[in-house]
Amino acid sequence: MKTEQDKMIFLINALKKRTEIINTIYKYELFDQKVDSKQIFEDDNLDDNAIKIIEQIEAKYDSLKKIIIAALSADWEWERLQPLVRAILLYGTYELFLNNPKIVINEMINITKIYIPGTVYKLVNKALDLIASKLVDKK
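The protein is annotated in an unreviewed UniProt entry as Transcription termination factor from Metamycoplasma salivarium.

Listed below in structure tokens is the structure:
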């Protein structure tokens, strides 16, 4: 039986893993480049599973970007978004296909709040919520 401490350790490790993946995506978004898994450096500190996720995001980059753009209001263009917000949305959208939408959205909101001051988390919430609702409609 897992203790509360075991659960906390699991949650902290999951947050750390997500943050490392988002940071890797961010490095590419910062220079308006697509993710390139062949360029991942040892100092990125990613395990094999994280590298596989990066490879999958790289393969689906254009599709993920289209999904996100469709969820943004007319006031927000892709290029206008901060690179870190784009990275969070890319990874969050990828995760929506695999995990419970409520958990994914909550984690992406929390990561946004940690790294970006202000109310940008509301944009992340709205976009991912809309994407999640469309995914549920298709299932």
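Moving on from the model shown.
Draft legend 1. A look at the nonpolar core. Core analysis: the biggest nonpolar cluster contains 41 residues, and Ile25, Leu89, Tyr91 and Met108 have the highest contact counts within it. For this core, the secondary-structure elements that each account for two or more residues are helix H1 (4–29), helix H2 (48–71), helix H3 (83–96), helix H4 (101–115) and helix H5 (120–138). The leading source of residues in this core is H3, at nine residues. With sequence-adjacent residues up to four places away left out, Tyr91 is seen in contact with Arg18, Ile21, Ile22, Ile25, Ile53, Ile57 and Met108.

Draft legend 2. Region of interest: the environment of Glu4. Within the secondary structure, Glu4 sits in helix H1. Between the alpha carbons of Glu4 and Asn45 there is a distance of 27 Å; along the sequence they are 41 residues apart.

Conventions and cut-offs
Residues numbered from 1 in each chain as written. Predicted model: local features only at pLDDT ≥ 70, side-chain atom pairs only at ≥ 80, totals over all residues. Heavy atoms only, no water. Core = buried A, V, L, I, M, F, W, Y, C linked by side-chain atoms within 4.5 Å. Buried < 20%, exposed > 50% of the residue type's maximum accessible area, 1.4 Å probe, protein only. Helix = DSSP H or I, 4+ residues; strand = E, 2+ residues; numbered from the N terminus. Contact = heavy atoms within 4.5 Å.

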